[in-house]
Amino acid sequence: MTIDPLPPEPGTPQPPARGGLSRRRFVGYLVAGATLTVAADLRLGSPAEASVPSPPQIAAIFDLEDLETTAALPTSGLIKITINSDGTASFALPRAEVGQGITTSTAMIIAEELDLPVDKVHVSLAPARPELAFNQLTGGSNSTVSTYTPIRVAATIAKGALIKAAAIELGYAVDQLTAKLGVVSAPNGKTVTYGELATKAASAKTKAMKTELKPRSSFSVVGKPHNRLDARDIVTGKKQFTTDLQVPEALPTMLCRAPGLNGRPAELKNKDAVLKMPGVTDVAVVETGIAVRAKTFGQCIDAVRVVEASFHDSVVGDADDESILAELRRAEIPLAVPKIPLLGLQVDTDFEFMFRSSAALEPNCAIADVRHDRATVWAGLKSPIVAQGAIARAVGLPLDKVTVHVVTGGGSFGHKLFHDPALEAARVSKATGKPVKLMWHRVDEPRQGRMHPMATSRCRATMLGDQVLTFEQRHTSVTTDFSHGLGEMLTATAAELPAGLGGMALSQSIFLLTQDLPYNFGVVTQLLDETDSRFNTGSMRSIYSQDVACASELTVDLMARKAKKDPLAFRLANIKYPEVKAVLEKVADVGNWGRKMPKGTAQGIAVHREYKGATAFLVEIDCRPETVDRKVRDGVTGPRVTKVVVAVDAGLVINPRGIEAQMMSAASDGIGLALTNSAHLKDGHFLEASWDNYFYTREWNAPFEFECVIMPSSSNQPGGVGEAGVPASFAAVACAYSRATGTTPKRFPINHGTLSFEVKPYTPSLPESPTDGLDHTY
């Protein structure tokens, strides 16, 4: 990892915001309590419109980050930091930790403003809090963007209150005291700890306080690499994920599911026989299948395999990949520019993106204990307020009688925006009258879980010489499910939205809030149409942008070829934004763009602008026969990406090590999306079943070299990084493959046409429970 030095903090005075508040001056609250508790109030400000070259796309003025941040502002004062009597600070983060490292970065922010060691800041995950409204949704790479300032304000007020209490205790004026590592020192050498001051600094009543944030030039924690606070617990097995929790009487539970997509159970024919299976305690019919509760998950699997039941047909009939693609073709929006212009050159492209599973390393799981008068649920949830409401309706309880605990998730990729396993667990618990620890089998996830939608993306560019006059893109997709709360957020912030979104459907609005082609290509239009809502879909990582960027960047490569220019030179000549140009130049320099390479190998380069930042990837790929045809036991090989270099401008960086990890995972995602991982639809159901036949990037397809350069930024706000790297990564691999082979692929991933596995049976719905695990260890 390379971290370029930060430029000096801008010295130009900033105009004050309303109420006399500036970029670093805010209002917060001392909250009444036994020990010091503080909160922030940011309702006096809202995102300012950026000054951008004309004509800007909507996302250049107000994007998805602005939408989520604006929606979170009204309840920012309900986010509180508490100083404990042992000198630690506690904060319940109203977001979900699913591996992106936000509990560590949040602890770093609090430690920075409090002058407290990072390991003395305890960040937990807040349970569902309906009063937070839209301030408890984790998505769109917005967690740190929207919580950064409220957390800083609360921490700064806490420190101020501690210093005031110390002034009384030590007998010195506030400006004569210094605070470091949780200790306040006086000129005469006397000290007092935060823990000793916690009670003395507490307020008997809630009152407003003005505060000024620490300048970036004084940062000593933020911006420095820091290991995850829970890393050791994760690798040693101490970390508690949902299925690790020991909730009294919550026994393992699994479901027998329909062969066809979303088929509902019609009849259970042998309940008594299933109940007689070893370890089985309960069998129940719920909306999504036949639930079996037993003493172990292995016994659940064995019992599920003997279930005799009938199910309703697949909701998509006998649909397959080609029939859904045909449906998408019928829904495509026409391109506006005539196909054969009278003057100039034209580049037309047309790409297909197949269904992809967004299953995380942790399978879908939840624990539920539903009683007649209350319900408690534990799960990894990125939208727990929506989950709480859905569970309350499903089990027939008032909202305030349903408690939803947010548990650290083992990955998400859009899955945990939805509450599918939590709702299912609650229904099973209600049906059995007992607590359950529900887990989906790996087979269940690609066959009945959420998919990234199949899509087509068409581009048309009109050029006069090497000047681009128009660029059109029409993206057509199977419907993306936004029922996790983003739709309600969009409605609630309608007054803040740009005029161009008026009358738009939800999906079209989200599309326009995320797409900003970073080139001066004359008249630019990017539009979305969606069709077919029968599938279980979600936003795998970067919503639409991964496919849109792959299509547009491949088109840019072809435009460069048409203009007889190098792909890098063509991009640099047309780049619209300085930060995009900077990451592109950096990655080309570090990656040695244009170096001579053997036949059958090539470099690919691509850029993407989103989430208040910019990302560029340079990759090298080997498509020579000896590489493509290499053999790996039980593995799918094919072309191999051998080198990845990424440059990222993520605004103000909290934890460089976290950004490097995000970019590394984005590289793996991009490699898989371009080359190997997809799901096949046939006869109304998906063929894949578990990781052994869903070919995400494996070690034998990972690059030998990886380098991440974090660019300097003068921004005083962090950008989003969790999803930012995937579009450019995917596009760069696709461009490299095209240059190495001399052919531009039409369908992604490139190996989708080859079925590289034997399809597992659909009845029984699960394979046998494993008995030879030790035979496959090293």
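Rules behind the numbers
Residues numbered from 1 in each chain as written. Predicted model: local features only at pLDDT ≥ 70, side-chain atom pairs only at ≥ 80, totals over all residues. Heavy atoms only, no water. Salt bridge = Lys/Arg side-chain N within 4 Å of Asp/Glu carboxyl O. Helix = DSSP H or I, 4+ residues; strand = E, 2+ residues; numbered from the N terminus. Buried < 20%, exposed > 50% of the residue type's maximum accessible area, 1.4 Å probe, protein only. Core = buried A, V, L, I, M, F, W, Y, C linked by side-chain atoms within 4.5 Å. Contact = heavy atoms within 4.5 Å. Pairing = 2+ DSSP bridges. Axes fitted to C-alpha atoms, helices over the stretch in contact; angles between N-to-C directions. Expected span 1.5 Å × (residues − 1). Bend = angle between axes of the 7 residues up to and from the residue. Polar contact = N/O pair within 3.5 Å; in protein donor to acceptor, adjacent residues only side chain to side chain. Parallel < 35°, antiparallel > 145°, perpendicular 65-115°, else oblique. Left-handed = near helix turned anticlockwise from the far one by under 90°. Nonpolar A, V, L, I, M, F, W, Y, C, P; charged D, E, K, R; others polar. Phe/Tyr/Trp six-rings, centres within 6.5 Å; stacked < 30°, edge-to-face > 60°.

Undergrad: Can you walk me through the pattern of salt bridges in this structure?
TA: Two side chains with opposite charge may pair up if their charged atoms get near one another. Tallied over the entire structure, the rule returns 43 salt bridges. Glu 322 is the salt-bridge partner of Arg 747, the closest N and O atoms lying 3.1 Å from each other. Taken together, the positions of Arg 747 in strand β32 (residues 747-748) and Glu 322 in helix α9 (residues 321-331) put the pair 425 residues apart, joining distant regions of the chain. For Glu 322, a relative accessible area of 46% translates into the label partly exposed. When salt bridges that share partners are traced, they join Glu 322, Arg 329, Glu 332, Asp 350, Glu 352, Arg 458, Lys 746 and Arg 747 into one network.

Undergrad: For this particular structure, what's the right way to read the nonpolar core?
TA: In a soluble, globular protein the nonpolar side chains are often hidden away together inside. Counting 75 residues, the largest nonpolar core has Phe 521, Met 559, Phe 570 and Ile 621 as its most contacted members. The element contributing the most residues to this core is helix α20 (residues 726-741), with 11 residues. Ignoring anything within four residues of it in the chain, the contact list for Phe 521 reads Val 468, Leu 469, Thr 470, Phe 471, Val 556, Met 559, Phe 570 and Asn 574.

Undergrad: What should I look at first to understand the sheet that holds strand β20 (residues 402-406) in this one?
TA: With respect to topology, seven strands assemble into an open sheet ordered β13-β14-β11-β21-β18-β19-β20, the strand pairing being mixed. Each edge of the open sheet is held by one strand with a lone partner, namely β13 (280-286) and β20. Mean inter-strand twist for the sheet, computed between neighbouring axes without regard to direction, equals 25°. Note that strand β18 (residues 365-370) and strand β19 (residues 375-379) share four bridges and pair antiparallel. Within β19, the residue paired with Val 370 across the bridge is Ala 375.

Undergrad: Hey, could you run me through the pairing of strand β14 (residues 289-294) in this one?
TA: Consecutive side chains along a regular strand alternate between the two faces of the sheet. Burial analysis of β14 places six of its six residues in the buried class, the great majority of the element. In terms of strand pairing, strand β11 (residues 251-256) meets β14 through four bridges, oriented antiparallel. Bridge pairing in β14 places Thr 253 opposite Arg 293. When β13 meets β14, the two strands line up antiparallel, connected through six bridges.

Undergrad: Explain helix α4 (residues 143-170) here, please?
TA: At 3.6 residues per turn, the α-helix brings residues three or four places apart onto the same side. Here α4 spans 39 Å end to end across 28 residues, near enough to the 40 Å set by a 1.5 Å rise per residue. In the structure, α4 departs most strongly from a straight axis at Thr 149, where the bend amounts to approximately 30° and where the proline Pro 150 lies between one and four residues downstream. By the criterion of burial, α4 is predominantly enclosed, with 24 of the 28 residues buried.

Undergrad: For this particular structure, what's the right way to read the side chain of Ser 457?
TA: Turning to its location among the elements, Ser 457 is positioned in strand β23 (residues 455-464). The exposure class of Ser 457 is buried, given its relative accessible area of 0%. There is a polar contact of 3.0 Å between the side chain of Ser 457 and the side chain of Gln 473. Setting aside its immediate chain neighbours within four residues, Ser 457 contacts Thr 349, Asp 350, Phe 351, Phe 353, Gln 473, Arg 474, His 475, Val 548 and Ala 551.

Undergrad: What should I look at first to understand the packing of helix α16 (residues 567-574) against helix α17 (residues 578-590) in this one?
TA: Between two packed helices, what matters for the description is the angle formed by their axes and the separation of those axes. In contact at an axis separation of 10 Å, α16 and α17 are set at 160° when each is read in the N-to-C sense. Taken together, the axes of α16 and α17 lie roughly antiparallel to each other. Crossing angle aside, the handedness with which α16 passes α17 is left-handed. Of the residues in α17, those touching α16 at Leu 568, Arg 571 and Leu 572 are Lys 581, Leu 584, Glu 585 and Ala 588. When grouped by side-chain class, the residues that make up the contact of α16 with α17 number four nonpolar, no polar and three charged.

Undergrad: What's the story with the packing of aromatic side chains in this structure? I'm lost.
TA: Each aromatic ring pair is summarised here by two numbers: the centre-to-centre distance and the angle between the ring planes. In this structure the tally under the stated criterion is 15 aromatic pairs. The interplanar angle of 80° and the centroid separation of 6.0 Å between the aromatic rings of Phe 353 and Phe 730 together place this pair among those described as edge-to-face. Of this pair, Phe 353 sits in strand β16 (residues 345-353) while Phe 730 sits in helix α20, and the two are 377 residues apart along the sequence. Under the relative-accessibility criterion, Phe 730 is labelled buried at 0%. Judged by centre distance (4.8 Å) and plane angle (40°), the ring pair of Phe 355 and Phe 535 falls under tilted. Of this pair, Phe 355 sits in the loop between β16 and β17 (356-357) while Phe 535 sits in the loop between β25 (523-531) and α15 (545-562), placing them 180 residues apart in sequence.

Undergrad: Any chance you could explain unusual backbone geometry here in plain terms?
TA: Phi is mostly negative for residues that are not glycine, and the peptide bonds are mostly trans. Following Phe 748, the chain continues to Pro 749 via a peptide bond in cis, the omega torsion being 0°. Here Pro 749 shows up in the segment after β32. Although it is not a glycine, Asp 532 adopts a positive phi angle of roughly 70°. Tracing the chain through its elements places Asp 532 in the loop between β25 and α15. Positive phi is not limited to glycine here, since Asp 634 has a value of about 55°. Locating Asp 634 in the fold gives a position in the loop between α18 (625-628) and β28 (640-649).

Any functional reading would require information that these geometric values do not contain.
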